[in-house]
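# An overview of the molecular structure
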Amino acid sequence: QRLSRSFGSADEAAVEICRLVRVALEVDLVFVSVVDGGQVEMLAVDDGLGSGLVAGARLDLGQTFCARALDGTAPQSSADLADGPYADLPWPGRLG
């Protein structure tokens, strides 16, 4: 699906990109985040899990996928959060 519209803001574009990626990849959760010091801020979220993760949320870097993906100790995505390389992180574990 081609994206052929203008957006009023970068935030609006990020939300739409998350939605399109979630649909195209048939996954439950897609987000865009930024690492800011020792924290990760969620800029846009498309959440089909009902995880409670929302844009504007801030998480400690060490409790996120980002730390491991950025330092190369784990992949940048995982199909199974319960049994994959991120299973020991507290945030996805709370999803059940």
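What comes next concerns the included structure. (Residues numbered from 1 in each chain as written. Predicted model: local features only at pLDDT ≥ 70, side-chain atom pairs only at ≥ 80, totals over all residues. Heavy atoms only, no water.)

### Description of the nonpolar core
Nonpolar side chains tend to gather and get buried jointly when the protein is soluble and globular. Defined as follows: By convention a nonpolar core is built from buried Ala, Val, Leu, Ile, Met, Phe, Trp, Tyr and Cys residues, the set being connected through side-chain atoms within 4.5 Å. Burial classes follow relative accessibility: with a 1.4 Å probe on protein chains only, a residue under 20% of its type's maximum area counts as buried, one over 50% as exposed, and anything between as partly exposed. What counts as a helix is a DSSP run of H or I of at least four residues, what counts as a strand is a run of E of at least two, and both are numbered from the N terminus.
Core analysis: the largest hydrophobic core is formed by seven residues, namely Leu 29, Val 40, Met 42, Val 45, Leu 53, Leu 59 and Cys 66. Top contributing element to this core by residue count: strand S2 (residues 39-47), with three residues. If you look at the next biggest cluster of nonpolar residues, it comprises five residues, including Ala 69, Ala 74, Tyr 86 and Leu 89.

### Some details on the environment of Ala 69
As for its position among the elements, Ala 69 is in helix H2 (residues 65-71). Each C-alpha atom of the pair Ala 69 and Tyr 86 lies 10.0 Å from the other, and the pair is 17 residues apart in sequence.

### What about the pairing of strand S1 (residues 29-36)?
Rules: Strand pairing is assigned whenever DSSP detects at least two bridges linking the two strands.
Bridge analysis of S1 against S2 gives eight bridges, and the strand direction is antiparallel. Counted as the bridge partner of Val 30 is Asp 46 from S2. Counting the residues that bridge the hairpin from S1 to S2 gives two residues, and of these Gly 37 lies at a positive phi of roughly 65°.

### Here we look at the pairing of S2
Here three bridges tie S2 to strand S3 (residues 58-60), and the two strands are oriented antiparallel to one another. Its bridge partner being in S3, Val 40 is matched across the sheet by Leu 59.

### Digging into the packing of aromatic side chains
Our working definition: Side-chain rings of Phe, Tyr and Trp, where Trp is taken by its six-membered ring, are said to pair if the distance between their centres is within 6.5 Å; with planes under 30 degrees apart they count as stacked, over 60 as edge-to-face, and otherwise as tilted.
One pass over the full model with this rule turns up two aromatic pairs. With a centroid separation of 5.0 Å and an interplanar angle of 90°, the aromatic rings of Phe 65 and Tyr 86 are classed as edge-to-face. With Phe 65 in helix H2 and Tyr 86 in the loop between H2 and helix H3 (90-93), the pair connects residues that are 21 residues apart, well separated along the chain. Comparing Phe 65 with Tyr 86 shows no difference in burial state: the two are buried. Among the aromatic residues, those joined into a cluster by ring pairs are Phe 31, Phe 65 and Tyr 86.

### Considerations on the sheet that holds S1
To keep it simple, the criterion reads: Axes, fitted as lines to C-alpha atoms, cover a helix only where it is in contact. Angles between the N-to-C directions of the axes lie from 0 to 180 degrees.
Pairing is antiparallel in the open sheet, where three strands are placed in the order S1-S2-S3. Since the sheet does not close on itself, it has two edges, and those belong to S1 and S3, each with one partner. Pairs of neighbouring strands in the sheet enclose a mean axial angle of 35°, with direction left out of account.

### Some remarks on a nonpolar patch on the surface
Rules: Here the term patch refers to residues with relative accessible area over 30% and no salt bridge, with like charges joined within 9 Å and nonpolar side chains (Val, Leu, Ile, Met, Phe, Trp, Tyr) within 5 Å. In these tables, accessible area is a Shrake-Rupley quantity obtained with a 1.4 Å probe, and a residue counts as shielded only by the protein chains included in the view. For salt bridges, the criterion is a side-chain nitrogen of Lys or Arg within 4 Å of an Asp or Glu carboxyl oxygen.
Taken together, the side chains of Val 32, Val 34 and Leu 43 make up a nonpolar region of the molecular surface, amounting to roughly 180 Å² of accessible area. In this structure, Val 32 sits in strand S1. You can call Val 32 partly exposed: its relative accessible area is 31%.

### As for the pattern of salt bridges
Should the charged atoms of two oppositely charged side chains come close, the side chains can pair. The full count for this structure, using the stated rule, is five salt bridges. One salt bridge connects Asp 46 with Arg 22, and the closest N-O pair in it is separated by 2.7 Å. Note that Asp 46 is positioned in strand S2 and Arg 22 in helix H1 (residues 10-25), a separation of 24 residues in sequence. Between Asp 88 and Arg 68 there is a salt bridge, with the nearest N and O atoms lying 2.8 Å from each other. Separated by 20 residues along the polypeptide, Asp 88 in the loop between H2 and H3 and Arg 68 in helix H2 bring together distant segments of the chain. For Asp 88, a relative accessible area of 55% gives the class exposed.

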